[in-house]
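Descriptive structure summary
Listed here are the chains, written in short residue letters.
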Amino acid sequence: FVNSLIKYQLPKIYFEYYKQTKESIEKSKVPKNPKIIITSLDHVYNDVFKLYSAQKVLNGSKLFIIQHGGCYGISDFNLDEKNEIKISDKFLTWGWKQDYKKTLPFFLQKTVYKKINKKRNASGLIIPVMEFNLSPGLEFARGSPRNKMEVDKSIDNIVSFVSQVNQSILNSSTFKYMRSYKWNYTLKSLKSKFPNFKFISSKKNTHTISNSFKLIVETVNSSGFLESLNLNIPVILIYDKKYCSLRKSSIKDFEMLKKVKIVHNSPKEAAKFVNENYNYLEK
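We now turn to the structure provided with this report. (Residues numbered from 1 in each chain as written. Predicted model: local features only at pLDDT ≥ 70, side-chain atom pairs only at ≥ 80, totals over all residues. Heavy atoms only, no water.)

Secondary structure summary: the protein contains eleven helices and ten strands in total. A globule of 283 residues ought to have a C-alpha radius of gyration of about 19 Å, and the protein, at 21 Å, matches this closely. Each of the three principal axes of the protein carries a C-alpha extent, and together these read 60 × 40 × 35 Å. Across the 283 residues of the protein, 44% fall into the buried class. Of the contacts made within the protein by residues no fewer than 6 positions apart, 67% connect residues no fewer than 24 positions apart. Entry remark: accessible area of the protein is about 16700 Å², with carbon and sulfur atoms responsible for 54%. Here the protein contributes 48 positive and 24 negative side-chain charges, whose respective centroids are spaced 4 Å apart. (Helix = DSSP H or I, 4+ residues; strand = E, 2+ residues; numbered from the N terminus. Rg over C-alpha atoms; globule rule 2.2 N^0.38 Å. Buried < 20%, exposed > 50% of the residue type's maximum accessible area, 1.4 Å probe, protein only. Contact = heavy atoms within 4.5 Å. Areas by Shrake-Rupley, 256 points an atom, 1.4 Å probe, with all protein chains shown as cover. Lys, Arg positive; Asp, Glu negative; His and termini not counted. Charge placed at Lys NZ, Arg CZ, Asp CG, Glu CD.)

Here it is, written out as structure tokens:
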């Protein structure tokens, strides 16, 4: 088990091209003595940026990290969130604040100045398909599936929901996925279950292409759900406690969303809501 995970956990940059990378930073045009470094994602994925910012922080620069995902502030355990709050001087959230001196309520920067106008002939559902690692230890947030059993459960929820939605609605509905994973485990499973269903591939966020559809159906408590709420786009969330556990400060908000039928605890309940309210979603 440990051997299978080692290659994912050791930073490659420390074994390959470390010296060349440091030299490229020194020759680049990045600020030599920045007062503040602000990042949302590069501290996670950009090894060159990590080396640059770490050195500058040691020399006195301040590091501000902006929340980049939807599980932050919601899921009851998020190792990324804990680490980012720990290493930053200020952690800018999408509006929430914990009992940390570092967290600063900010706003959802990904939707600023955006407005989605629904087409008059919008129809059907758009259902985002997300891929997750099947091996434990690669997903640290308890807002999404973290192993094969949980991934299989999330697929079962999607299959159960789609199977109970009226065919007249499904005729203009689609699954939306990204070609960014090698395994595409969830995608292949859904294609085998629904060979005649429409699938589209897009790197764009779901809300940006949702104007042709009546409703977004999210199946994971993630960024897409919060972005759609923030933009006032019709959206529902099928919420499964088995792989989406909440922290105490979020439970009240989710209970309110359940009352107005935006959050649903079961695929059957969500399908029933869609079938009964498909023509009255704006209301």
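With that settled, consider the pattern of salt bridges. Counted under the stated rule, the structure contains seven salt bridges. Between Glu81 and Arg247 there is a salt bridge; the shortest N-O distance is 2.9 Å. With a gap of 166 residues between them, Glu81 in helix H5 (residues 79-87) and Arg247 in the loop between strand S9 (235-238) and helix H10 (248-259) connect regions that are remote in the sequence. Classification of Glu81 as buried rests on a relative accessible area of 2%. (Salt bridge = Lys/Arg side-chain N within 4 Å of Asp/Glu carboxyl O.)

Our focus in this paragraph is the nonpolar core. Counting residues in each nonpolar core, the largest one holds 30 residues, and the members touching the most others are Leu125, Phe161, Val162, Phe175, Leu190 and Val274. Listing elements by their share of this core, those giving two or more residues are strand S5 (125-128), helix H6 (148-164), helix H7 (167-170), strand S6 (174-177), helix H8 (185-193), strand S8 (215-218), S9 and helix H11 (267-277). With six residues, the top contributor of residues to this core is H6. Ignoring anything within four residues of it in the chain, the contact list for Leu190 reads Val129, Ile155, Ile158, Val159, Phe175 and Phe199. Within the second largest apolar cluster, 17 residues are counted, among which are Ile209, Phe213, Cys244 and Val263. (Core = buried A, V, L, I, M, F, W, Y, C linked by side-chain atoms within 4.5 Å.)

Before going further, it helps to spend a moment on the pairing of strand S1 (residues 36-39). As a general feature of sheets, a regular strand has side chains that alternate between the two faces. The alternating pattern of S1 places Ile37 and Thr39 on a buried face and Ile36 and Ile38 on a face that is not buried. Here S1 pairs with strand S2 (residues 62-66) via four bridges, running parallel. Within the sheet, the bridge partner assigned to Ile38 lies in S2 and is Phe64. (Pairing = 2+ DSSP bridges.)

It is worth spelling out a nonpolar patch on the surface at this point. On the surface, Phe1, Val2, Ile6, Leu10, Tyr14, Phe15 and Tyr18 cluster together into a nonpolar patch covering about 790 Å² of accessible area. By secondary structure assignment, the location of Phe15 is in the loop between helix H1 (2-9) and helix H2 (18-27). Owing to a relative accessible area of 61%, Phe15 belongs among the exposed residues under this scheme. (Patch = residues over 30% accessible without salt bridge, like charges linked within 9 Å, V, L, I, M, F, W, Y side chains within 5 Å.)

Sheet strands pair via backbone hydrogen bonds, and the direction of the pair is either parallel or antiparallel. With respect to topology, four strands assemble into an open sheet ordered S1-S2-S3-S4, the strand pairing being parallel. On the outer flanks of this sheet lie S1 and strand S4 (103-105), each paired with one strand and no other. Ignoring strand direction, the axes of neighbouring strands in this sheet form an average angle of 25°. Note that strand S3 (residues 90-93) and S4 share three bridges and pair parallel. (Axes fitted to C-alpha atoms, helices over the stretch in contact; angles between N-to-C directions.)

Where H6 contacts H8, the two axes come as close as 11 Å, and the packing angle between them is 35°. Both H6 and H8 take part in a crossing whose hand is right-handed. In contact with Lys148, Val151, Asp152, Ile155, Ile158 and Val159 of H6, H8 contributes Tyr185, Thr186, Ser189, Leu190 and Lys193. Of the residues belonging to the contact of H6 with H8, the class tally is six nonpolar, two polar and three charged. (Left-handed = near helix turned anticlockwise from the far one by under 90°. Nonpolar A, V, L, I, M, F, W, Y, C, P; charged D, E, K, R; others polar.)

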